[in-house]
Amino acid sequence: MKLFKSVHTYDYPWSLVSAANWQKYPNEHCPHVQAVDVLDRRVDPETGILVTERLITVKQNVPTIMLKVLRNSVIQQLRTEEYSNIILLQLMGTGHTQYVREISRIDPKQKTMTMDSINLTLSNYMSVAESITYEEHPIEPSKTQFTQQAAISAGIKLSRWASLVEDFSANRFSQNAATGREGFNEVLQRFVVRAEGSSQSQSRPASA
């Protein structure tokens, strides 16, 4: 298992950052995210916590290193090299389209937003459990602290190559995380401009 952790500070209050998160996709930095569908949304009547379950559809290639490992495994078992990447994907029960399940919780009283996600596709080959938290900065309340963590584990079918595959996947995850933050930064800035414009419009006195 490989672990990843990153902490970042956004120079905007939690209320703006957590609201902008719902508009994170689509953005040009993450073209692989094809769709985000809400499966369930409810408010806990006792705590006031908003719980949302979403299905995220992504379109991306399986890492080359994983395909090489799987191809070698198939060749060893069937003694043939006639299997293309597409056939390998079919053997794994998937295509280029993959799915991620996400459950988020927003606690307006504590000013925290947590998002836990895990891949549904290829989960018997690789598990990526990610946890994201947006919370009011502990020292500067006008800012938001963002914490992203992930646990990456090769499945039993890749146990022989676990360390190699996990190292590669962890590096790829780190790169994608940096790209994702860059994309969200742009989304956040646009959201703040719109929010400030709307606030100014509402504060103007009505013309006589």
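Refer to the structure above for everything that follows.
Because the structure is a prediction, the values reported are computed rather than measured.

**What about the overall build of the protein?**
The number of helices and strands found in the protein is 4 helices and 7 strands. Its helices and strands in sequence order give the protein the pattern β-α-β-β-α-α-β-β-β-β-α, from N to C terminus. Sequence-distant contacts in the protein: of pairs separated by 6 or more residues, those separated by 24 or more amount to 60%. A total accessible area of about 12300 Å² is found for the protein, and carbon and sulfur atoms account for 50% of it.

**Notes on the side chain of glutamate 53**
For glutamate 53, the location among the structural elements is in strand β3 (residues 50-59). Excluding residues that lie within four positions of it along the chain, glutamate 53 makes contacts with Asp37, Val38, Leu39, Asp40, Arg101, Glu102 and Ile103.

**Considerations on the packing of aromatic side chains**
Applying the stated criterion to the full structure yields 5 aromatic pairs. Plain terms: the ring middles of tyrosine 10 and phenylalanine 146 are 5.9 Å apart, the flat faces sit at 70 degrees to each other, and that makes the pair edge-to-face. A residue pair is termed long-range when its members are at least 10 positions apart, and tyrosine 10 in strand β1 (residues 2-10) and phenylalanine 146 in strand β7 (residues 144-154) qualify at 136 residues. Seen from the ring of tryptophan 22, arginine 41 lies directly overhead, with NZ or CZ sitting 5.0 Å from the centre.

**Quick word on the pairing of strand β2 (residues 33-43)**
Pairing analysis gives 9 bridges linking β2 to β3, with the strands arranged antiparallel. In the sheet register, alanine 35 faces β3, and the bridge partner there is threonine 57.

**Some thoughts on the environment of histidine 29**
Tracing the backbone shows histidine 29 in the loop between α1 (14-21) and β2. Sequence spacing of histidine 29 and glycine 183 is 154 residues, and the spatial spacing of their C-alpha atoms is 5.1 Å. Ignoring any residue separated from it by four or fewer positions in sequence, one finds histidine 29 in contact with Thr179, Glu182, Gly183 and Glu186. There is a polar contact of 3.0 Å between the side chain of histidine 29 and the side chain of glutamate 186.

**Structural notes on the pairing of strand β5 (residues 112-119)**
Side chains of β5 alternate between two faces, with Met113, Met115, Ser117 and Asn119 buried and Thr112, Thr114, Asp116 and Ile118 left unburied. By the bridge criterion, 8 bridges tie strand β4 (residues 97-107) to β5 in an arrangement that is antiparallel. Note that in β5 the partner of valine 100 across the bridge is asparagine 119. Counting the residues between successive antiparallel strands, the hairpin from β4 to β5 contains 4 residues, one of them, lysine 111, with a positive phi of roughly 55 degrees. Pairing of β5 with strand β6 (residues 126-136), which is carried by 7 bridges, proceeds in the antiparallel orientation. If you follow isoleucine 118 over to β6, its bridge partner there is alanine 129.

**Some points on the side chain of lysine 24**
Looking at where lysine 24 falls in the secondary structure, it is placed in the loop between α1 and β2. One buried charged side chain, lysine 24, makes no salt bridge at all; its nearest oppositely charged neighbour is glutamate 130, positioned 6.7 Å away. In this view, lysine 24 contacts Gly180, Phe184 and Val187; residues no more than four positions away in its chain are not counted.

**Some thoughts on α1**
Restricting attention to buried positions, one finds in α1 the residues Trp14, Val17, Ser18, Ala20 and Asn21. In a view along the axis of α1, the buried residues occupy a sector of 160 degrees, so they form one face of it.

**Concerning the sheet that holds β5**
In space, the 7 strands of this open sheet follow the order β1-β7-β6-β5-β4-β3-β2, with antiparallel pairing throughout. The open sheet has two edge strands with one neighbour each: β1 and β2. Sheet twist, expressed as the average angle between the axes of neighbouring strands with direction ignored, equals 15 degrees.

**Quick word on the environment of serine 142**
Tracing the sequence through the fold places serine 142 in the loop between β6 and β7. Here the alpha-carbon distance between serine 142 and proline 13, two residues 129 residues apart in the chain, equals 4.7 Å. Ignoring sequence-local partners within four residues, the contact set of serine 142 consists of Asp11, Tyr12 and Pro13.

Cut-offs applied
- Residues numbered from 1 in each chain as written.
- Predicted model: local features only at pLDDT ≥ 70, side-chain atom pairs only at ≥ 80, totals over all residues.
- Heavy atoms only, no water.
- Helix = DSSP H or I, 4+ residues; strand = E, 2+ residues; numbered from the N terminus.
- Contact = heavy atoms within 4.5 Å.
- Areas by Shrake-Rupley, 256 points an atom, 1.4 Å probe, with all protein chains shown as cover.
- Phe/Tyr/Trp six-rings, centres within 6.5 Å; stacked < 30°, edge-to-face > 60°.
- Lys NZ or Arg CZ within 6 Å of the ring centre and 35° of its normal.
- Pairing = 2+ DSSP bridges.
- Polar contact = N/O pair within 3.5 Å; in protein donor to acceptor, adjacent residues only side chain to side chain.
- Buried < 20%, exposed > 50% of the residue type's maximum accessible area, 1.4 Å probe, protein only.
- Lys, Arg positive; Asp, Glu negative; His and termini not counted.
- Salt bridge = Lys/Arg side-chain N within 4 Å of Asp/Glu carboxyl O.
- Arc of directions from axis to C-beta.
- Axes fitted to C-alpha atoms, helices over the stretch in contact; angles between N-to-C directions.

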